[in-house]
Amino acid sequence: MLKPRYRVAIGAKGMVGAPRLMKPQSVQAFDAGQSGRRLKMLPTGVQDINTLMRSYGRTVVARSRYLSRNNPQMAAAKRAYVAALVGDGIKPSSLITDPVLRDALMRAYLVWTDESDADGLTDLYGQQATVGGEMFDAGECFGRFRPRLPGDGFSVPLQVQLLPSEMLNHSDNVDMPNGLKVRSGIVFGPIGNRIAYRFYKQRPGDMNFTGEITTVPAEEVMHVFRPLEAGQIRGIPHTLSSIVRAAVMDAYDDAELERKRMAALFGAFITSTAPEEDVLADPAAAATAAGVDGGVALEPGVTVDLEPGQDIKFAEPADVGGNYEAFQYRGNLQVAAGAGVPYADMTGDLRQASYGSQRAGMVKFRREIAATQNHAMIFQFCRPIWQRWLADAVQNGAVPLAASAYVGSERIWQAAKFIPPKWDWIDPLKDMQAELLAVQAGFKARSDVIEALGVDPEENDRRIAADRAREKELGLDFKEGQFAASQIRGAPDQPPPAGSQLNGA
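Residues numbered from 1 in each chain as written. Predicted model: local features only at pLDDT ≥ 70, side-chain atom pairs only at ≥ 80, totals over all residues. Heavy atoms only, no water.

Here's the deal with the overall build of the protein chain
Here's step 1: The secondary structure content of the protein chain amounts to 15 helices and 14 strands.
Here's step 2: Of all 505 residues assigned to the protein chain, the portion counted as buried reaches 32%.
Here's step 3: Put simply, 63% of the contacts in the protein chain that link residues at least 6 apart link residues at least 24 apart. (Helix = DSSP H or I, 4+ residues; strand = E, 2+ residues; numbered from the N terminus. Buried < 20%, exposed > 50% of the residue type's maximum accessible area, 1.4 Å probe, protein only. Contact = heavy atoms within 4.5 Å.)

Quick look at the pattern of salt bridges
Oppositely charged side chains can form a pair if their charged atoms are brought close together.
Here's step 1: Throughout the structure, instances matching the rule amount to 25 salt bridges.
Here's step 2: A salt bridge links Arg198 to Asp172; the shortest N-O distance between them is 2.7 Å. A residue pair is termed long-range when its members are at least 10 positions apart, and Arg198 in strand 9 (residues 194-200) and Asp172 in the loop between strand 5 (158-163) and strand 6 (174-175) qualify at 26 residues. Exposure class is identical for Arg198 and Asp172. Each is buried.
Here's step 3: Each of Arg65, Lys78, Glu134, Asp137, Glu166 and Arg203 takes part in salt bridges that share partners, so that together they form one network. (Salt bridge = Lys/Arg side-chain N within 4 Å of Asp/Glu carboxyl O.)

Focus on the packing of helix 1 (residues 49-70) against helix 2 (residues 72-85)
Here's step 1: In the contact formed by helix 1 and helix 2, the axes pass within 5 Å of each other and the chain directions differ by 95°. Our classification of the angle between helix 1 and helix 2 gives roughly perpendicular. Facing helix 1, whose interface residues are Leu67, Ser68 and Asn70, helix 2 presents Pro72, Met74, Ala75 and Lys78.
Here's step 2: Here the contact of helix 1 with helix 2 is composed, by residue class, of four nonpolar, two polar and one charged. (Axes fitted to C-alpha atoms, helices over the stretch in contact; angles between N-to-C directions. Parallel < 35°, antiparallel > 145°, perpendicular 65-115°, else oblique. Nonpolar A, V, L, I, M, F, W, Y, C, P; charged D, E, K, R; others polar.)

Things to note about the sheet that holds strand 5
Here's step 1: With antiparallel pairing, three strands are arranged side by side in an open sheet as 5-4-11. Edge positions in the sheet fall to strand 5 and strand 11 (221-225), since each has one partner strand and no second. Along the sheet, successive strands turn relative to each other by an average axial angle of 25°, direction set aside.
Here's step 2: The sheet contact formed by strand 4 (residues 140-147) and strand 5 spans six bridges and is antiparallel. In the sheet register, Phe142 faces strand 5, and the bridge partner there is Leu163.
Here's step 3: Each of strand 4, strand 5 and strand 11 touches helix 9 (residues 355-395); the most contacted strand, strand 11, lies at about 160° to it. (Pairing = 2+ DSSP bridges.)

Description of empty space enclosed by the protein
Unfilled space is identified by rolling a water-sized probe across the atoms.
Here's step 1: Tallying each qualifying case throughout the model produces two cavities of 30 Å³ or more.
Here's step 2: Looking at the largest cavity, its volume works out to about 60 Å³.
Here's step 3: In terms of lining residues, the largest cavity is bounded by Asn71, Gln73, Ala246, Met249, Asp250, Asp253, Gln328, Asn332 and Val335.
Here's step 4: Counting only elements with at least two residues in the lining of the largest cavity, the list comes to helix 5 (243-264) and helix 7 (324-339).
Here's step 5: With four residues, the single largest contributor to the lining of the largest cavity is helix 5.
Here's step 6: Looking at the lining of the largest cavity residue by residue, the class counts come to three nonpolar, four polar and two charged.
Here's step 7: Space inside the second largest cavity adds up to approximately 40 Å³.
Here's step 8: In this structure, the second largest cavity is lined by Ile90, Pro92, Tyr109, Leu124, Tyr125, Gln128, Cys382, Ile385 and Phe418. (1 Å grid on protein atoms, 1.4 Å probe; cavity = no way out; pocket = protein on both sides within 12 Å on 5 of 7 lines; lining within 4 Å. Points joined across faces, edges and corners; volume = space filled by probe spheres on them.)

Looking at unusual backbone geometry
Residues other than glycine predominantly adopt negative phi, and peptide bonds predominantly adopt the trans conformation.
Here's step 1: Unlike most non-glycine residues, Ser184 shows phi in positive territory, near 55°.
Here's step 2: Mapped onto the secondary structure, Ser184 falls in the loop between strand 7 (181-183) and strand 8 (186-188).

Quick notes on the nonpolar core
In a soluble, globular protein the nonpolar side chains are often hidden away together inside.
Here's step 1: Counting 56 residues, the largest nonpolar core has Trp112, Met377, Phe381, Ile385 and Trp389 as the members making the most contacts within it.
Here's step 2: The element contributing the most residues to this core is helix 9, with 14 residues.
Here's step 3: In contact with Phe381, other than residues within four places in its own chain, are Leu124, Gln128, Val131, Leu162, Met222, Val224 and Ala376.
Here's step 4: Leu163, Ile186, Val221 and Ile233 belong to the second largest nonpolar core, which has 13 residues in total. (Core = buried A, V, L, I, M, F, W, Y, C linked by side-chain atoms within 4.5 Å.)

Things to note about the environment of Asp172
Here's step 1: Residue Asp172 is classed as buried on the basis of its relative accessible area, which comes to 8%.
Here's step 2: When the C-alpha positions of Asp172 and Arg198 are compared, they lie 8.4 Å apart, and in sequence the two are 26 residues distant.
Here's step 3: If we ignore the near neighbours within four places in the chain, the residues touching Asp172 are Val182, Arg183, Ser184, Gly185, Arg198 and Ile213.

Description of the side chain of Asp349
Here's step 1: Among the structural elements, Asp349 can be located in the loop between helix 8 (343-347) and helix 9.
Here's step 2: Look at Asp349 and you get buried, because its relative accessible area is 13%.
Here's step 3: Looking at Asp349, its side chain comes within polar contact range of the side chain of Tyr343, at 2.9 Å.
Here's step 4: With sequence-adjacent residues up to four places away left out, Asp349 is seen in contact with Tyr343 and Ala344. (Polar contact = N/O pair within 3.5 Å; in protein donor to acceptor, adjacent residues only side chain to side chain.)

Focus: the environment of Val100
Here's step 1: Relative to the helices and strands, Val100 resides in helix 3 (residues 99-113).
Here's step 2: A sequence separation of 300 residues divides Val100 from Pro400, and the C-alpha atoms of the two residues are 9.6 Å apart.

Section: the sheet that holds strand 8
Here's step 1: Reading across the sheet, the five strands line up as 6-7-8-9-10 and stay open at both edges, with antiparallel pairing between neighbours. In this open sheet, the two strands that pair with only one neighbour each are strand 6 and strand 10 (213-217).
Here's step 2: Bridge analysis of strand 6 against strand 7 gives two bridges, and the strand direction is antiparallel. Note that in strand 7 the partner of Val174 across the bridge is Val182.

What about the packing of aromatic side chains?
Here's step 1: In this structure the tally under the stated criterion is 13 aromatic pairs.
Here's step 2: Here Tyr109 and Trp386 contribute two aromatic rings whose centre-to-centre distance is 5.1 Å and whose plane-to-plane angle is 65°, an arrangement assigned as edge-to-face. Of the two residues, Tyr109 is situated in helix 3 and Trp386 in helix 9; the sequence distance between them amounts to 277 residues. Trp386 carries the same exposure label as Tyr109, and that label is buried.
Here's step 3: Taken together, a centroid distance of 6.0 Å and an interplanar angle of 35° make the contact between Tyr252 and Tyr324 tilted. Linking Tyr252 in helix 5 with Tyr324 in helix 7, this pair joins segments that are 72 residues apart in sequence.
Here's step 4: You can call Tyr324 buried: its relative accessible area is 19%.
Here's step 5: For Arg383, the ring lying beneath its charged end belongs to Phe379, and the centroid distance is 4.1 Å.
Here's step 6: One cation-aromatic arrangement involves Arg388 over Phe145; the distance from NZ or CZ to the ring centre is 4.9 Å. (Phe/Tyr/Trp six-rings, centres within 6.5 Å; stacked < 30°, edge-to-face > 60°. Lys NZ or Arg CZ within 6 Å of the ring centre and 35° of its normal.)

Set out below in structure tokens:
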């Protein structure tokens, strides 16, 4: 503890007065905590993210969707985001050790994925892509389990219905008499657990929208979103931080394009000397009196007869200027950063990209996408679907697993890992060399490398074994065209061995 400091007052004749307590020196404040001119525009009050979404959620979602539909850069960013997040699908791989039972489960699940869509438009992996697009636009998507009757003709009587963010009203906030609370359309219990969701029966904006609400139990709903703050209950658009800048850049481009279009409408101007006296005040009559009563059709090699005193001056519209490209580049860089996708993927501009910059950018992008895949897509969507499908498949006898063995041991039978789509390598040879060295040195499992290719390792091994058996049966031998591991580890520019099929021999 700091001791108080005292100051001793000495009079004019050297008399010592009573000591006085010194004022403490001013404490150096945080620069970010000051209220100077530079920081007046930043809010200082506590703002709850759920309150903000209740107030502005509908508006920001509508603006985000508008940009994804109409802005070329944001549309490209959405396609890149969905392709990276979902690709051709995030697929489960059962961890059941019995190979026969596991194969039966995976085959039955593959059949059901073609029946999963309640709208009948795509398969389960197409629904995953739709969920990824909804997360980009609105920050969230809802999946609802729709049980079907055994006589409906499905391999497993279950389908999944996707609902957009607008189906759950941000303004639905009431306190129920039984202790339940509704916040942004979600019903919470006394301990904060989710009890149900209050969905509209029709999508807002639809011609048949009535505003009628239906309550769906929480165990029948998958709420897919990536929470950015503790306590967040609804998703926010992935594009939130780039909406304003993208809209302003889009308006600037439109104005620049319109200016160039208007300038291009004027090919040339016919000028004439003004008459000595103002014959007519009307501009049209004055032009007629001056002999300028129409335009001149300009064609290649045309000869134009001008009246005395007339001259032709060609239009020279102003260019956009040398700063246009630099301004657009910086602006689009910020939009891409807010949208969470690489600049080259959003704009298609690879002029300033190099191998190193592309690789470094993709490494960061892959880490961010992998986090969303595992924390949101797999945990909130893929995993519940797999668990619900397996339970219904066992109950309806669609898989060779007895209900008596399944009940009470659900977690054991439901255990699965989910394999995201593969990432395309920038330099396949170098990346494959690194994977080969890691496997041979014992730093990495071979199955991990196969999973990184988006393939189930066990399925991959079975297919290899089947291929080799078929080659042996048909008398085929492809060993001459294969490289040994030592040759693969050679220099990237090392030519193939003589007689190899790769050098055209």
